[in-house]
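Read off the chains here:
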Amino acid sequence: LNISAFTIASIALYDLTKYMLMGIYILDESACSKKISERISISKDASRDEAIDQQRSITQLSKITAQLFCINPAGVFFTVSYSESVFAMLTFSGHAIAAKLHCK
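Residues numbered from 1 in each chain as written. Predicted model: local features only at pLDDT ≥ 70, side-chain atom pairs only at ≥ 80, totals over all residues. Heavy atoms only, no water.

## Remarks on the pattern of salt bridges
As a reminder, the rule being used: Salt bridges are identified by distance alone: a Lys or Arg side-chain nitrogen within 4 Å of an Asp or Glu carboxyl oxygen. Secondary structure elements are defined from DSSP: runs of H or I of at least 4 residues count as helices, runs of E of at least 2 residues count as strands, and each element is numbered from the N terminus. Only protein chains enter the calculation, and the probe is 1.4 Å; a residue is then buried if its accessible area is under 20% of its type maximum, exposed if over 50%, and partly exposed in between.
In total, this model carries one salt bridge according to the counting rule given. Among the ionic pairs, D53 bridges to R56, the shortest N-O distance being 3.9 Å. Of this pair, D53 and R56 both sit in helix α3 (residues 48–71), three residues apart, roughly one helical turn. On the basis of relative accessible area, R56 is assigned to the exposed category, the value being 57%.

Here it is, written out as structure tokens:
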């Protein structure tokens, strides 16, 4: 149960980071939930190449954030039968859902 909750927490942290960075990089909040090609055409101040670079950097930083969460020294508490992994799963999932709803 804890390893499943830890995996879901990692995925939710990836999504949370992605949605929060989209809100920073993309000025139009309605662009958060659209496809990459639509986001590129909506971006006001950036050229097409800059928008693609922004999307890549958002994805890369989100992956790094989730990976650091997985390999942190306190990770041992997420794999044993404590409630930290369930708490992280619920917290990150809730925040990711809130960030996604904010982007719509």
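Still more ground to cover, so stick around.
## Topic: the nonpolar core
To keep it simple, the criterion reads: Put simply, buried Ala, Val, Leu, Ile, Met, Phe, Trp, Tyr and Cys residues joined by side-chain atoms within 4.5 Å make one nonpolar core. Residue contacts are counted whenever heavy atoms from the two residues lie within 4.5 Å of one another.
Core analysis: the biggest nonpolar cluster contains 17 residues, and A9, L13, L16, F69, F78, A88 and F92 have the highest contact counts within it. If you tally residues by element for this core, the top one is helix α1 (residues 2–25), at nine residues. Other than its neighbours up to four places away in sequence, F78 contacts N2, F6, F69, N72, E84, S85 and A88.

## Regarding α3
Quick note on the threshold: To estimate how far a helix should extend, the number of its residues minus one is multiplied by 1.5 Å.
Taking 1.5 Å of rise per residue, the 24 residues of α3 would be expected to cover 34 Å, and the 35 Å separating its terminal C-alpha atoms lies within 8% of that figure. For α3, every residue scored as buried is listed here: A51, Q55, I58, S62, A66 and F69.

## Description of the packing of aromatic side chains
Inclusion rule: A pair of Phe, Tyr and Trp rings is counted when the ring centres sit within 6.5 Å of each other, with Trp represented by its six-membered ring. The angle between the planes then sorts it: under 30 degrees is stacked, over 60 is edge-to-face, the rest tilted. Counting as a charge over the ring demands two things of the Lys NZ or Arg CZ atom: a distance within 6 Å of the ring centre and an angle within 35 degrees of the ring normal.
Counting across every chain of the model gives two aromatic pairs. Linked through ring pairs, F6, F69 and F92 together constitute an aromatic cluster. One Lys or Arg, K18, reaches over the ring of Y19 and ends 5.3 Å from the middle of that ring.

## Quick notes on the side chain of S10
Looking at the secondary structure, you find S10 in helix α1. S10 sits in the buried class, given a relative accessible area of 8%. S10 has contacts with A66, F69 and C70, leaving out every residue within four places of it along the chain.

## Some points on the environment of A74
Considering the arrangement of structural elements, one finds A74 in the loop between α3 and α4 (76–79). Given a relative accessible area of 33%, A74 falls into the partly exposed group. Once the C-alpha coordinates of A74 and E84 are considered, the two residues, 10 residues apart in sequence, prove to be 10.0 Å apart.

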